[in-house]
Amino acid sequence: MQKIKEKLQIGGLLDIDKLQKTSDEDLVILMYGVKSHLEKKPGSNSCEIVIDRTAADRIDNSRMHPAHFEDLIIRFEDNRHLTKEDLYRDYVDEAIKAGHEYYKRTAFMTRFNALIKNRKGPDVYMHREHIMGDELQMDWLGPKFEVRIGARGETRACSVIVFVWAASNYVYAQLVPDMTTRTTCDAIRNALISFNCLPRRLVIDNQSCLVNKHGKGQEGILNASFEYFCKRCGIGIDANNPYCSNEKSAAENSVRLVEQRVLTRLEYARGVFTIDECNREIIKLVNTYINNTSYRGGGVKDTRGNIFRNKELPASLRIDSPLPNFIEHHAFLKVGKDYHIKLNEASYSVPWKYAEQYVNADIEGNQITIYDFNHLNILARHPVKNKGEWSTMKEHMPESHKAVKTKELVYQDKSDIREAAMSISTSLASFCEFMLNRGNWFEDKKACIHIINLYKRNFRKKLIYDQAIQKLLHLSNPVLINSYELKKIIKEYEKYASTHNGALPIQTDLFDSIGTSIDADCNAACLRGASGFSDLNAKFNEPAVTSDATKANSNNQNSILEE
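The rules behind these values
Residues numbered from 1 in each chain as written. Predicted model: local features only at pLDDT ≥ 70, side-chain atom pairs only at ≥ 80, totals over all residues. Heavy atoms only, no water. Helix = DSSP H or I, 4+ residues; strand = E, 2+ residues; numbered from the N terminus. Contact = heavy atoms within 4.5 Å. Pairing = 2+ DSSP bridges. Axes fitted to C-alpha atoms, helices over the stretch in contact; angles between N-to-C directions. Core = buried A, V, L, I, M, F, W, Y, C linked by side-chain atoms within 4.5 Å. Buried < 20%, exposed > 50% of the residue type's maximum accessible area, 1.4 Å probe, protein only. pLDDT = per-residue confidence, 0-100. Phe/Tyr/Trp six-rings, centres within 6.5 Å; stacked < 30°, edge-to-face > 60°.

### Considering the overall build of the protein
In step 1: A count of helical and extended segments in the protein gives 18 helices and 19 strands.
In step 2: At a minimum sequence separation of 6, the contacts of the protein that also span at least 24 residues come to 58%.

In structure tokens form, the structure reads like this:
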């Protein structure tokens, strides 16, 4: 301050009237010397003070170690990790080794920066033409806005998402509770409903909720659920090239306007209004201070809103059907050999013929819908399961797996097996009762189920099986009573019947031993005969008694056995 006062005193400008009459150019020369002047900034109405420093020009370049600035600039441009300071240090080391004088840092940087500026040329920007109805841009504000979420004054910081039509600069904005794919798609849906039309493409930034990967100059790898949502809406996606904000300049400018003209007028609602109340106020403020105000000096009639309604809206796509809700989409899921897909750490079945193929899945609400590879046919629908849980539909299983599942579901306890056996044969019921009383449920039930299924598959051989069981149950050694021994006896009976015209050795009790174990009752005995088929509960018939009617009946039963 003292130096400024001294210079004003030298110029005789301590008097306020004289100071106000002095021009800016004279005042700059007085303060900074005759080599200073005012220079207008490009693209602005303001000026800057420029001082022509020529100290570097007085350096004898012939005495300095050659810097080879052109080569250094090429090296600097080719390696983005290389700094100007690194280049200067290398130059100084090289000069000292050669025993030469070298440019000091200021002189070196002045020459180096001047050559870079000349190489780049003037700083310019590109004007982009936008077609009406073609492009809708989207971006988020950096600052967040607090809203009330509870009756006790709890608050939550919400993000502000902004949509703008690139040609008319017509704006829509709202708060979203977070920056997830679901909430973003819900906001897009709200914006499209508000516009009452569709763009041909949506220009987006590279937020992680929308874009999985995007290299500069390369295609973006989009989030599958977001891409699926836009596809069902009928709009394309144009991910903005990283570090190229000019590609969505309309969104960048609209974000600034929303922050300046809307949020500054909404401070009274911060932490007081709910998110829905804030969004209603934001829409009113956006229309009042952005969409319905003068645009680019065109007057009140030439607003963003009028341009949108008169030009943008007629050129855009119509909404012919209700806009879709968000669906969490998962593409190209591989079906395992167990004919299940893994989704969010839970497992869901599909028809077994699709094992080791690729399918698609949609999660909407509490339901998962699985489609084929081309997304044409619905393969399955499941309720959403928790982590680690399995959802398997019986109709998706092969027949062999269905049989196992049925066995697990049908025969839950001993009463189920007893009931099933009794409905088929009393002899079968006796066999199952003996097996179930041995004390090992898990192994004993396998024997019972195996013989029950044997009866069901070959019901015409019921008499053979019954007689085989009767013989098995009369064995003196109970250890030999099992399904293996039973099947051996069945084979013996089948072989006997095949060589004796279908006749069987029928075994009947001599005494009534119902409820009495054969091994426990010494009076129990039985006789074996070779008569024809006889009712299981009938007494032994002597084979010597024959007649024409008996022979005819025996032949008919033999033919049945052979079938």
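### Here we look at the sheet that holds strand 14 (residues 358-364)
In step 1: Pairing is antiparallel in the open sheet, where four strands are placed in the order 11-14-15-16. The sheet is open, and its two borders are formed by strand 11 (328-334) and strand 16 (378-383), each paired with just one other strand. Each adjacent strand pair in this sheet contributes to an overall mean axis angle of 20°, direction not counted.
In step 2: Of the pairings in the sheet, the one linking strand 15 (residues 367-371) to strand 16 comprises five bridges and is antiparallel in character.

### Regarding the nonpolar core
In step 1: The biggest cluster of nonpolar side chains holds 33 residues, and the ones touching the most others in it are I417, L428, F431, C432, I452 and L486.
In step 2: Among the elements of the structure, helix 13 (414-422), helix 14 (426-436), helix 15 (441-457), helix 16 (462-473) and helix 17 (483-499) are those that each provide at least two residues to this core.
In step 3: Counting 32 residues, the second-largest nonpolar core is a separate cluster that includes L136, A187, A191 and F308.

### Comments concerning the confidence of the model for the protein
In step 1: Predicted confidence across the protein gives a mean pLDDT of 84, with 88% of residues reaching 70 or more.
In step 2: Throughout residues 511-563 the model reports pLDDT below 50, and contacts reaching past four residues in sequence, or to other chains, amount to 66 contacts.

### Some remarks on the environment of A250
In step 1: Residue position: A250 is located in helix 9 (residues 249-262).
In step 2: With a relative accessible area of 6%, A250 lands in the buried category.
In step 3: Distance from A250 to Q137, taken between C-alpha atoms, is 7.2 Å for residues 113 residues apart in sequence.
In step 4: Leaving out residues up to four positions away in the same chain, A250 has contacts with Q137, V164, A166 and N169.

### Some thoughts on the packing of aromatic side chains
In step 1: Going through the model one piece at a time under the given rule, you end up with 18 aromatic pairs.
In step 2: Ring geometry for F69 and F108: centres 5.2 Å apart, planes at 45°, overall tilted. One end of the pair, F69, is in helix 4 (residues 69-78); the other, F108, is in helix 6 (residues 105-120), and 39 residues separate them in sequence.
In step 3: Judged by relative accessible area, which is 12%, F69 ranks as buried.
In step 4: Take F108: its relative accessible area is 0%, and that puts it in the buried class.
In step 5: Ring geometry for W165 against F308: centres 5.9 Å apart, planes inclined by 50°, an arrangement best described as tilted.

### Some words on the sheet that holds strand 17 (residues 390-391)
In step 1: Read from one edge to the other, the open sheet built from three strands follows the order 12-13-17, with strand pairing classed as mixed. The strands lining the two open edges of the sheet, one partner per strand, are strand 12 (340-343) and strand 17.
In step 2: Here four bridges tie strand 12 to strand 13 (residues 346-349), and the two strands are oriented antiparallel to one another. The partner of I341 across the bridge, within strand 13, is Y348.

### Brief notes about the environment of S427
In step 1: Tracing the chain through its elements places S427 in helix 14.
In step 2: The spatial distance from the C-alpha of S427 to the C-alpha of I469 is 6.4 Å, given a sequence separation of 42 residues.

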